[in-house]
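Results of the structural survey
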Amino acid sequence: MKSSYKNLSIVGFSNFLNLGLGLILFSAAAKSLTLDEFGVYSFLTILLVWFSKFIDFGSNSDFVSNFLGKSKSYLNELINFKIISFIFSSVLGSIAVYTAVNYYYSFKNQV
């Protein structure tokens, strides 16, 4: 039980550290970029986070909860799922970014 609290504390601390570093990076980007550039940066950051959650698709928590009771073939199944979801998300993300960048530049050229 004591090691569980230690592990939870380490994970919690690293999550807060990650959150703080992200806030510093986002604040620095907001200060140094123009409003248009910051909007593009924010949009790409949102896409990155969204696609990373799509790639995960709950497989990490499912892996942790079911790994002990399943065989090694479950690990291969998880890896195959990760590879397929990564490829699908990469194609979808590339299309979304290409479309967004083209829309941004076509809109910027009209103004």
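Everything numeric here is computed off the predicted structure, so don't read it as measured data. (Residues numbered from 1 in each chain as written. Predicted model: local features only at pLDDT ≥ 70, side-chain atom pairs only at ≥ 80, totals over all residues. Heavy atoms only, no water.)

With respect to the overall build of the protein
To keep things clear, this is the line we draw: A run of H or I in DSSP counts as a helix once it spans at least four residues, and a run of E counts as a strand once it spans at least two, with each numbered from the N terminus. Here's how the labels work: a residue is buried when its accessible area is under 20% of the maximum for its type, exposed when over 50%, partly exposed in between, all with a 1.4 Å probe on protein chains only. Here, residues are in contact when the closest pair of their heavy atoms is within 4.5 Å. In these tables, accessible area is a Shrake-Rupley quantity obtained with a 1.4 Å probe, and a residue counts as shielded only by the protein chains included in the view.
On a plain count of helices and strands, the protein comes out with 4 helices and 0 strands. The order of α-helices and β-strands along the protein, N terminus first, is α-α-α-α. Expressed as a percentage of the 111 residues in the protein, the buried residues total 12%. Sequence separation of at least 24 residues holds for 54% of the intrachain contacts in the protein that already meet a minimum separation of 6. For the protein, the accessible area works out to roughly 9100 Å², and carbon and sulfur atoms hold 72% of it.

Topic: helix 2 (residues 35–56)
Let me state the cut-off plainly: Every helix has an expected span of 1.5 Å times one less than the residues it contains.
Taking 1.5 Å per residue as the helical rise, helix 2 with its 22 residues ought to reach 32 Å, and the 32 Å between its terminal C-alpha atoms agrees with that figure. All of the buried residues in helix 2 are Phe38, Ser42, Leu47 and Phe51.

Focus: the packing of helix 1 (residues 2–32) against helix 2
So the rule is basically this: Comment: axis = line fitted to C-alpha atoms, over the contacting stretch for helices; angle = value between 0 and 180 degrees taken between N-to-C directions. Here is the rule for angles: anything less than 35 degrees is roughly parallel, anything more than 145 is roughly antiparallel, 65 through 115 is roughly perpendicular, and the remaining ranges are oblique. Less than a right angle of anticlockwise turn of the near helix away from the far helix marks a crossing as left-handed, whereas a clockwise turn marks it as right-handed.
Two elements in contact, helix 1 and helix 2, have axes whose closest approach is 9 Å; the angle formed by their N-to-C orientations is 150°. Taken as axis vectors, helix 1 and helix 2 run roughly antiparallel relative to one another. In the crossing of helix 1 with helix 2, the sense of the turn from one axis to the other is right-handed. When helix 1 is examined against helix 2, the residues Leu25, Phe26, Ala29 and Ala30 are found in contact with a partner set consisting of Phe38, Tyr41, Ser42 and Thr45.

Digging into the packing of aromatic side chains
To keep it simple, the criterion reads: Under the pairing criterion, centres of Phe, Tyr and Trp rings, with the six-membered ring standing for Trp, must be within 6.5 Å; the plane angle then separates stacked pairs below 30 degrees from edge-to-face pairs above 60, leaving the rest tilted.
Evaluation of the coordinates by the stated rule reveals 3 aromatic pairs. Here phenylalanine 26 and phenylalanine 38 contribute two aromatic rings whose centre-to-centre distance is 5.2 Å and whose plane-to-plane angle is 65°, an arrangement assigned as edge-to-face. Here phenylalanine 26 is found in helix 1, whereas its partner phenylalanine 38 is found in helix 2, with 12 residues between them in sequence. Among the residues examined, phenylalanine 26 registers a relative accessible area of 33% and is labelled partly exposed. For the ring pair phenylalanine 38 and tyrosine 41, a centre distance of 6.3 Å and an interplane angle of 35° mean the geometry is tilted. Of this pair, phenylalanine 38 and tyrosine 41 both sit in helix 2, 3 residues apart, roughly one helical turn. Residue class for tyrosine 41 comes out partly exposed when judged on its relative accessible area of 26%. Feature note: the residues Phe26, Phe38 and Tyr41 constitute an aromatic cluster, connected by ring pairs.

Here's the deal with the confidence of the model for the protein
Here is the rule we go by: Every residue gets a pLDDT, meaning the predictor's confidence in that residue, from 0 to 100.
Model confidence for the protein is summarised by a mean pLDDT of 78, while 80% of its residues fall at 70 or above. The spread of mean pLDDT over the elements of the protein runs between helix 3 (residues 59–66), the lowest at 63, and helix 1, the highest at 84.

Observations concerning the environment of alanine 29
Mapped onto the secondary structure, alanine 29 falls in helix 1. Sequence separation between alanine 29 and serine 42 is 13 residues, and the spatial gap between their C-alpha atoms is 9.4 Å. Residues contacting alanine 29, with those up to four places away along its chain left out, are Phe38 and Tyr41.

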